[in-house]
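What the coordinates show
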Amino acid sequence: MAPTVPTAPSPAEATIVVVGAGLAGLRACERLRAAGHVGRLVVVGDEEHPPYNRPPLSKEVLRGTTTREKLPFRQRPTTADVEWRLGVRVTTVDLDARTVTLDDGSTLAYDGLVYAAGVRARRLDLAGELSWRHTIRTLEDAERLAPELRPGSRVVVVGAGFIGCEVAATAVTLGCDVTVVEPLPTPLERPVGAVLGREVQRRHESHGVRFALGRVVTAIEDAGEHLEVVLDSGARVAADVVVEAVGSQANTEPLAGLGLDLTNGVLCDDGLHPLRGGDPVLDVVVVGDVARFPVRGYGDDAVRIEHWSMPTDMSAHAAASLLAGLAGEPVPGDGFAPLPSFWSEQYGVRMQSFGLPHLGVADVRVLEGDLTGEAVLGFHAPDGSLVGVVLLGLPKRMLEFRSAVVDARAAQTLEPAG
Ligand SMILES: Cc1cc2nc3c(=O)[nH]c(=O)nc-3n(C[C@H](O)[C@H](O)[C@H](O)COP(=O)(O)OP(=O)(O)OC[C@H]3O[C@@H](n4cnc5c(N)ncnc54)[C@H](O)[C@@H]3O)c2cc1C
């Protein structure tokens, strides 16, 4: 009798390794199970915690209104048999041997790989006492910063993006003396443009936040009992605490040298497979903040989107795409068309966005309400089409304006009548 030759496992029985135990890693596991995968699932995460929710870190955790016990995501029964390797970092991925190496010296073989390593906080490239300089990405970061936000503390926030603005709002509400330093002329200018940015600035200033706009930090000096933040104007701002909220850096190092495009995240096709020499790597998908991918209906440029909603949307598509890829089949469906959406919360007002407002900051119109109160703003591309909306308050109007963005995108992606 001829010997039995082991066959490659079916995609449903494949061993899948997930790099990163964040929201995207967890959602990928859930969606793989929902798509019929029953094989071994191993998640490697360098944090010691099971996947937890990050948005409260710059809001409720700093305010002291929630604690670490409330942050972990609920684990569903379908993923009860997932193997979690926590507190261990993946150092290298070998796409040809299909292995990942961990910093404890062990190696894991995979049939399929989900890369969900997220991003880390960028640091200012400046010398200076690091223990007084904070970033905010992890639970430990937030727990280290929270007790420093005491009434009367002088807090300098560097960077007026969403996280910087949220930290400033929280700190001033807690009674801190807050200055925000930002190189651009208005807060939030990149994601939502100057019109909304100026209104956000007005709201912050009305609560007592000071801004140094169009200014760059050139040094952070130790002045004994406090820090001195030196600006390019020569001005010096005294600080007890400095929070660096100057953007993020994608965690791509384990994929270095493999022929992938790692410029601002991992470049993927619309199946979320990374591209190697222009070809999709079919046994790998990339999910969450670390992925850069084309979003159908928003132009040809691949984008990297750091929104809480994206890992969930991406994981359903990535799971189907990975299982198809393991069978050597193309991506199912007719392209990936998630609707990017995010929220922020400052001074108790929820800012909710749908679409990609940054593509329409040159033509912003108030669609409803009053910009200085509750309002809906529409962001339009040069051809006049609606590419995003932002609601300030008005939660009951959310679904209607979400639909408006979906409809506008559908109109853009329709083939012209022949
Ligand atoms: C302070 C803060 C506030 C936010 N607020 C909002 C908000 O209000 N609204 C909104 O829409 N979005 C918000 N976000 C964004 C949202 O939380 C992210 O989009 C989401 O967490 C992305 O999930 P992820 O799994 O891709 O990345 P992550 O949650 O970062 O998970 C990636 C995990 O992989 C780990 N990892 C990295 N490299 C390795 C490696 N080599 N080996 C093993 N593990 C590795 C990381 O340590 C991390 O645990 C906020 C983010 C932060 C930090």
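Everything below is about the structure printed above this text.
Notes on the structure in this doc start here. This one's a predicted model, so the numbers in the text were calculated from it and none came from an experiment. (Residues numbered from 1 in each chain as written. Predicted model: local features only at pLDDT ≥ 70, side-chain atom pairs only at ≥ 80, totals over all residues. Heavy atoms only, no water.)

1. Points about helix α7 (residues 398-413)
The end-to-end C-alpha separation of α7 is 23 Å, in line with the 22 Å expected for 16 residues at 1.5 Å each. Taken residue by residue, α7 has F401, V405, A408 and R409 as its buried positions. Angularly, the buried residues of α7 cover 95 degrees about the axis, an arc narrow enough to put them on a single face. Opposite the buried face of α7, by more than 90 degrees, sit the exposed residues L399 and D407. Looking at the buried side of α7, the elements it contacts are β24 (349-355), β25 (364-369), β26 (375-380) and β27 (386-392). (Helix = DSSP H or I, 4+ residues; strand = E, 2+ residues; numbered from the N terminus. Expected span 1.5 Å × (residues − 1). Buried < 20%, exposed > 50% of the residue type's maximum accessible area, 1.4 Å probe, protein only. Arc of directions from axis to C-beta. Contact = heavy atoms within 4.5 Å.)

2. Side note on the site of the ligand
Near the ligand lie 34 residues; those nearest to it are D46, E47, R54, K59 and R137. One nitrogen or oxygen atom from the side chain of D289 is found 2.8 Å from an oxygen atom belonging to the ligand. Here the ligand loses 95% of its free accessible area of 1000 Å² to cover by the protein chains. Taken together, the elements giving at least two residues each to the shell around the ligand come down to α1 (23-34), β2 (41-45), α4 (162-173) and β23 (341-346). For the shell around the ligand, the residue count by class is 17 nonpolar, 8 polar and 9 charged. Two domains each donate at least three residues to the shell around the ligand, and these are domain 1 (11-120 + 249-327) and domain 2 (128-246). (Near = heavy atom within 4 Å. Polar contact = N/O pair within 3.5 Å; in protein donor to acceptor, adjacent residues only side chain to side chain. Areas by Shrake-Rupley, 256 points an atom, 1.4 Å probe, with all protein chains shown as cover. Nonpolar A, V, L, I, M, F, W, Y, C, P; charged D, E, K, R; others polar. Domains from an automatic or database assignment.)

3. Things to note about the environment of A318
Within the secondary structure, A318 is located in helix α6 (residues 310-326). A relative accessible area of 3% means that A318 is categorised as buried. When the C-alpha atoms of A318 and R68 are compared, they prove to be 30 Å apart, with 250 residues separating the residues in sequence. Setting aside chain neighbours within four positions, we find A318 in contact with L272, V285 and V287.

4. What about the pairing of strand β15 (residues 236-239)?
Every second residue of β15 is oriented toward a common face, the buried set being V237 and A239 and the non-buried set R236 and A238. The sheet contact formed by strand β14 (residues 227-231) and β15 spans 4 bridges and is antiparallel. By the bridge assignment, E228 is partnered in β15 with A238. Counting the residues between successive antiparallel strands, the hairpin from β14 to β15 contains 4 residues, one of them, G234, with a positive phi of roughly 95 degrees. (Pairing = 2+ DSSP bridges.)

5. Notes on empty space enclosed by the protein
Overall, the coordinates contain 1 cavity of 30 Å³ or more when judged by the stated rule. Reported here for the largest cavity is a volume of approximately 30 Å³. Around the largest cavity, the lining residues are R350, Q352, L391, G393, P395 and M398. Looking at side-chain class alone, the lining of the largest cavity contains 3 nonpolar, 2 polar and 1 charged residues. (1 Å grid on protein atoms, 1.4 Å probe; cavity = no way out; pocket = protein on both sides within 12 Å on 5 of 7 lines; lining within 4 Å. Points joined across faces, edges and corners; volume = space filled by probe spheres on them.)

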